[in-house]
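Here are the chains, one letter per residue:
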Amino acid sequence: MKNKISLVLAGLLSSSLLIADEAQNAQGAQNSQSAQAPSSASSDAKKALNSFFEGMEAKGFARMRFTTIEGPGGGGGGDQQHRFRIDLTSGKVDGWSLTTGLMFNYGSSNPVDNSNSNYATQGSMAVVMGKNFNDRFGISQLSVNKEIVGEKTKAEFRAGRISMDSVFSDKVTDIGTGGVAKLQAGKTKLALNLYDSWITSHIIYNFRGTSGVNLGAANVNEGSLGNGLATLSISGDKLGGFSYNVSLGYANRLLDYLAFGEAKYDFGGFYVLGQVSAAGMSDDANFMTGAGDFSNTTWAFTHRPSAGQGVDKYNGFGNTNWAKNRGIYNFQIGYKHKENPFSFKLGYLGSFGDGYGTLLDHKGGINVAGKFWANSYDATNEGFGFMGGGGRAGSSIQVGYLALDYALTKSWKLGLDYSYIGGNNSYPYVESVLSAQDLADAQNGKGITFHEVAPSITYKIGRVTATAYYGQNFGDVNYGKGRVEMRYDF
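Not measured: the values here are computed from a predicted model.

Colleague: I would appreciate a short explanation of the pairing of strand S6 (residues 175-185) in the present structure.
Modeller: Working note: regular strand, side chains alternate between the two faces of the sheet. The sheet contact formed by strand S5 (residues 153-163) and S6 spans eleven bridges and is antiparallel. Considered in S6, the bridge of Lys154 is made with Gln184. Relative to strand S7 (residues 188-199), S6 runs antiparallel, the two sharing eleven bridges. Along S7, the bridge assignment pairs Gly179 with Leu194. Here S6 folds back onto S7, and the loop between the two strands holds two residues, one of which, Gly186, carries a positive phi near 65 degrees.

What follows is the structure in C-alpha cells.
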C-alpha cells in the first residue's frame, strides 16, 4: 500500500514538472538553442523527487483499549481509549530526508469508580462538551534528517519536532522541538538530544491533576515546557554477552541533573541486569509554561467529585515539599531464549535519597514486571515520574516482582505477573477501601502496601496483537482492573 501511495504522489509531482518543462520549452521555441532538450538541472530535480517518494517508509500503529475497574465501595467503572500514529519518512537524496506524521489519541485507560464508557465516543470533529482533555489529532513529528554512512561508522542528524527517544521518556507520546545527533562506531552508540521546548505525557497528566492559583482546568493546555533540555547517552550491545547504557540529562531551571546507568550480562539465555537512576530537583523549580505563578500549586491531586464516592484520590504536595535528590536501583535475574517457550524475570527495586521520581515519564527505561501498578492507576502519581508520588520529599518505594511467560504456540502466550509494592510511596489509592488508620497514614504521605497478581493471555499473528489481562490488588487496598487491547503495527 505504501509503495502505491508513494508512486501516486511521485507521479503527480513528476507530471507537474513535465507540464512545467513543456511550457518552458514552448516559450523558448523562438530560441533554437534553448529548445533542443530539457535542462540537466530539471532532469536532476525529477530524479531527486522520484528518489524522495519511491523510498518513502511508513511506521506506526493503531490501538484500541478497553479498561475496567471493580471492587471499590462495591462499585465499578470502565473507559475506552483509541490511539493511532503514523510517521512517514521520505527516501534519501544525498543522505537528506524528511519525516512527518500524525497522532490521534482519545479517551482514557485509567478508569475510576463511576467512570462510564458510554460517553467516550465522539463524532468526526472530536468535540468534547464539558470535558477537559489534552489529546486530539496532532503532528507527531516534523523534521529534516541527514545521514552520513562511512565504512565503519554511521551518523544521523535530525532537527525539528522530534519524538523524545531516551531512557527518561516515552518515544511514542513524548515530543520535543530541537535537534538530535547520533553516532554509531562499531558496537558503540552515542546520542545527544537538545530541546528548547518539550513535553511528556506524565507532565501533561500532572498539570491536569494540579490544584493551584493559575494551573487549574483553564491552563492545562499550555503545550510544552520552555525549560531547555539536554540528554547525552553512550551504549553498547553484543559485547560478548555484555551490554550497557549510561545516560545523563539536564533541564534548565527545573532539574539540575538526570542520570541513568544499566549493565546486563547474558549467559546464553540466563541473564543478570542492574539499573540505577537518579534526579535532582532545582531549588525554586520554575515550570516555564507561561501559566503564571506556581507558588500555591498543589501537585498530583486527583479530583474527588463528592464524599463517599470511592475513586482514586491522593492528597498531593505543595511546591515546598519537592524531593531534592531522588534515586532508584533495580536488580533482576531472568531467562529468555528464542528456542525455549518458557521465560521469566525476578527482581527487586528500591530507592535512595529523599524520593524516587527520577524520570521524565512514568517508566522510561526501567525494567520491571506487573501490569498496572507502574503506570495505569491514575496516570498521574504512580510510577517513577519526577512530578508523581516519588516527587514528594521523604517518599520511598520497595518493589519485589516476578513475571512468568509460556508460549503455547507460535501465536499464543500465557503470562502471570506478581508484584509487591511497599514503602512511603505516596501512592494513589481508593479511599473507600482503606481502613481509618490507612487513610490517615495516606493523608500524611506514608503510602500503602499492596500486592498485584496479574494473569494475561496474548495472541499474535503477523502484525496484529490481541491481549487480555487482569490485575487484582490485595493488602491495604482490594480491587481489580482488567484490560482488553487490540493493536496493529505497521
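Here the narrative resumes.
Colleague: I'm lost on the pattern of salt bridges in this one. Help?
Modeller: Between side chains of opposite charge, pairing is possible as soon as their charged atoms come close. Per the counting criterion, the structure on display carries six salt bridges. Across the pair Lys324 and Asp256 runs a salt bridge whose closest N-O atoms are separated by 3.1 Å. Of this pair, Lys324 sits in the loop between strand S14 (317-318) and strand S15 (325-335) while Asp256 sits in strand S10 (residues 255-266), placing them 68 residues apart in sequence. Judged by relative accessible area, Lys324 falls into the partly exposed class, the value being 29%. Each of Asp256, Asp283 and Lys324 takes part in one network of salt bridges that share partners.

Colleague: What's the story with the environment of Leu229 in this structure? I'm lost.
Modeller: Mapped onto the fold, Leu229 is located in strand S8 (residues 229-239). By relative accessible area, which is 2% here, Leu229 ends up buried. Separated by 31 residues in sequence, Leu229 and Trp198 place their C-alpha atoms 7.7 Å apart. With residues near it in sequence (within four places) discarded, Leu229 still touches Met164, Asn193, Leu194, Tyr195, Trp198, Tyr250, Ala251 and Leu360.

Colleague: Can you help me understand unusual backbone geometry in this one?
Modeller: If a residue is not glycine, its phi is most likely negative; likewise, a peptide bond is most likely trans. Notably, Arg253 is not glycine yet its phi reads approximately 60 degrees, a positive angle. Structurally, the position occupied by Arg253 is in the loop between strand S9 (242-251) and S10. The backbone of Asp284 shows a phi angle near 50 degrees, a positive value even though the residue is not glycine. For Asp284, the position within the fold is in the loop between strand S11 (270-281) and strand S12 (298-299).

Colleague: Explain the packing of aromatic side chains here, please?
Modeller: The geometry of an aromatic ring pair comes down to the distance between the two centres and the angle between the two planes. Following the criterion strictly, the structure yields twelve aromatic pairs and no others. Relative to Tyr244, the ring of Phe242 lies with its centre 6.1 Å away and its plane at 20 degrees, an arrangement referred to as stacked. Assessed through its relative accessible area of 21%, Tyr244 is described here as partly exposed. Sitting above the plane of the Tyr469 ring, Lys371 keeps its charged end 5.2 Å from the centroid. One residue, Arg487, lies across the ring of Phe61, its end atom 4.2 Å from the ring centre.

Colleague: What should I look at first to understand the pairing of strand S2 (residues 76-89) in this one?
Modeller: Note that strand S1 (residues 57-70) and S2 share 14 bridges and pair antiparallel. Across the sheet, residue Ala58 finds its bridge partner in S2, namely Leu88. In terms of strand pairing, S2 meets strand S3 (residues 96-107) through nine bridges, oriented antiparallel. Counterpart to Ile86 in the pairing with S3 is Leu102. Hairpin connection from S2 to S3: six residues lie between these consecutive antiparallel strands, with Asp94 at a positive phi of about 55 degrees.

Colleague: Hey, could you run me through the confidence of the model for the protein in this one?
Modeller: Low-pLDDT portions of the prediction should not be read for the details of their coordinates. Confidence in the prediction for the protein averages 81 pLDDT; 74% of positions are at 70 or higher. For the stretch residues 213-221, pLDDT sits under 50, and the model shows 17 contacts to residues farther than four places along the chain or on other chains. Across residues 303-311, where pLDDT falls below 50, the model places 17 contacts with residues more than four positions away in sequence or in other chains.

Colleague: What should I look at first to understand the nonpolar core in this one?
Modeller: Soluble globular proteins: nonpolar side chains tend toward being buried together. Core analysis: the largest hydrophobic core is formed by 51 residues, its most contacted members being Trp198, Leu254, Phe287 and Trp373. For this core, the secondary structure elements donating two or more residues are S7, helix H3 (201-209), S10, S11 and strand S17 (398-407).

Colleague: Please clarify how a positive patch on the surface should be interpreted in this entry.
Modeller: A cluster of basic side chains, namely Lys59, Lys171, Lys182, Lys187, Lys189 and Lys238, defines a positive patch on the protein surface. Here Lys182 lies in strand S6.

Colleague: I'm lost on the side chain of Asp405 in this one. Help?
Modeller: Tracing the backbone through its elements, the reader meets Asp405 in strand S17. The residues touching Asp405, leaving out its near neighbours within four places in the chain, are Pro341, Phe342, Ser343, Lys413, Leu414 and Gly415.

The rules behind the values
- Residues numbered from 1 in each chain as written.
- Predicted model: local features only at pLDDT ≥ 70, side-chain atom pairs only at ≥ 80, totals over all residues.
- Heavy atoms only, no water.
- Pairing = 2+ DSSP bridges.
- Helix = DSSP H or I, 4+ residues; strand = E, 2+ residues; numbered from the N terminus.
- Salt bridge = Lys/Arg side-chain N within 4 Å of Asp/Glu carboxyl O.
- Buried < 20%, exposed > 50% of the residue type's maximum accessible area, 1.4 Å probe, protein only.
- Contact = heavy atoms within 4.5 Å.
- Phe/Tyr/Trp six-rings, centres within 6.5 Å; stacked < 30°, edge-to-face > 60°.
- Lys NZ or Arg CZ within 6 Å of the ring centre and 35° of its normal.
- pLDDT = per-residue confidence, 0-100.
- Core = buried A, V, L, I, M, F, W, Y, C linked by side-chain atoms within 4.5 Å.
- Patch = residues over 30% accessible without salt bridge, like charges linked within 9 Å, V, L, I, M, F, W, Y side chains within 5 Å.
- Areas by Shrake-Rupley, 256 points an atom, 1.4 Å probe, with all protein chains shown as cover.
- Lys, Arg positive; Asp, Glu negative; His and termini not counted.
- Charge placed at Lys NZ, Arg CZ, Asp CG, Glu CD.

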